[in-house]
Amino acid sequence: MRHIEMTTRLCEEHNIRYEDIDRIEALVNWFETEYPSPLFPTPGSDGRPRVGSTQYFAAWGAAMRGYPLLRGAAPGPGESDPPEVLELMHRVILIPVVRRTLFGPRITIFTKDGRSVTKEGTGREFIWDFEEQVRRISPIEPGLAISPAQFAELIDACRRLDGIDSAADRLISLTIPG
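Predicted model only: the values in this text are computed from it and were never measured. (Residues numbered from 1 in each chain as written. Predicted model: local features only at pLDDT ≥ 70, side-chain atom pairs only at ≥ 80, totals over all residues. Heavy atoms only, no water.)

### Section: the sheet that holds strand β2 (residues 92-97)
So, point 1. Spatially, four strands are ordered β2-β1-β3-β4 in an open sheet, and the strand pairing comes out mixed. Of all the strands in the sheet, the pair left with one neighbour each is β2 and β4 (116-120). The average undirected angle you get between the axes of adjacent strands in this sheet is 15°.
So, point 2. The pairing of strand β1 (residues 21-29) with β2 spans six bridges and is classified as parallel. Its bridge partner being in β2, Glu25 is matched across the sheet by Ile93. (Pairing = 2+ DSSP bridges. Helix = DSSP H or I, 4+ residues; strand = E, 2+ residues; numbered from the N terminus. Axes fitted to C-alpha atoms, helices over the stretch in contact; angles between N-to-C directions.)

In structure tokens, the structure reads:
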């Protein structure tokens, strides 16, 4: 999610720690607050901070400098959220804006000492090529049920999809631990 990445980068670039943050404002396209659509919003998606909300993910970015790639949108059995995330998400103000570009939030972090820093997305930051996708997902390799060699083979097969006979069967076979 763009909110996680932008909030993480702001904190890293300005050496802002969780303890320094007074509040975070996230201006986002209103359509992104009505997931999956305004006609069929997710039950309970009333804009309030809760586990799985935009505020929750922005708090992860600020407090933990990212979000675990292999984790779902909420803690699984035996998992828990860091207390900093659960506390900070209530200080993230989500501001839906009608004419804001999709996937281009403007994040402003206000610190307890009166400073503020802002980062604004253009909506084009998630347009990347296959190699960038590989770079971004590579940190998940140690947590996968498949071996590093199998993961590398899967990535290589994806690079060559057009030249693989029975590509679906090949890809499926590479996702089965063995």
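Text resumes after the structure shown.
### What about the nonpolar core?
So, point 1. Of all hydrophobic cores here, the largest spans 26 residues; its most connected members are Ile21, Ile24, Tyr56, Leu88, Ile107 and Ile109.
So, point 2. Only α1 (2-13), β1, α2 (54-64), α3 (83-88), β2 and β3 (106-111) provide two or more residues apiece to this core.
So, point 3. Excluding its chain neighbours within four sequence positions, the residues that come into contact with Tyr56 are Arg50, Val51, Tyr67, Arg71, Ala73, Ala74, Pro75, Asp81, Val85, Leu86 and Met89.
So, point 4. Formed by eight residues, the second largest nonpolar core is a distinct cluster that contains Val134, Phe151, Leu154 and Ile155. (Core = buried A, V, L, I, M, F, W, Y, C linked by side-chain atoms within 4.5 Å. Buried < 20%, exposed > 50% of the residue type's maximum accessible area, 1.4 Å probe, protein only. Contact = heavy atoms within 4.5 Å.)

### Quick notes on the pattern of salt bridges
So, point 1. Taken as a whole, this structure holds 17 salt bridges when the rule is applied.
So, point 2. Of the charged contacts in the structure, one is a salt bridge between Glu120 and Arg100, with a shortest N-O distance of 2.7 Å. Of the two residues, Glu120 is situated in strand β4 and Arg100 in the loop between β2 and β3; the sequence distance between them amounts to 20 residues.
So, point 3. Assessed through its relative accessible area of 48%, Glu120 is described here as partly exposed.
So, point 4. For Arg100, a relative accessible area of 13% corresponds to the buried category.
So, point 5. Linked through salt bridges whose partners overlap, the residues forming this network are Glu5, Arg9, Glu132, Arg135 and Arg136. (Salt bridge = Lys/Arg side-chain N within 4 Å of Asp/Glu carboxyl O.)

### Observations regarding the packing of aromatic side chains
So, point 1. Applying the stated criterion to the full structure yields seven aromatic pairs.
So, point 2. Measuring from ring centre to ring centre gives 6.3 Å for Tyr56 and Tyr67, while their planes differ by 70°; the resulting arrangement is edge-to-face. Note that Tyr56 is positioned in helix α2 and Tyr67 in the loop between α2 and α3, a separation of eleven residues in sequence.
So, point 3. Using a relative accessible area of 0% as the deciding quantity, one classes Tyr56 as buried.
So, point 4. When its relative accessible area of 16% is taken as the criterion, Tyr67 is described as buried.
So, point 5. Taking the centre distance of 5.0 Å and the plane angle of 80° together, the rings of Trp60 and Tyr67 count as edge-to-face. For the pair Trp60 and Tyr67, a shared accessibility class is recorded, and that class is buried.
So, point 6. Taken together, Tyr56, Phe57, Trp60 and Tyr67 form an aromatic cluster joined through their ring pairs. (Phe/Tyr/Trp six-rings, centres within 6.5 Å; stacked < 30°, edge-to-face > 60°.)

None of this, on its own, says anything about what the molecule does.
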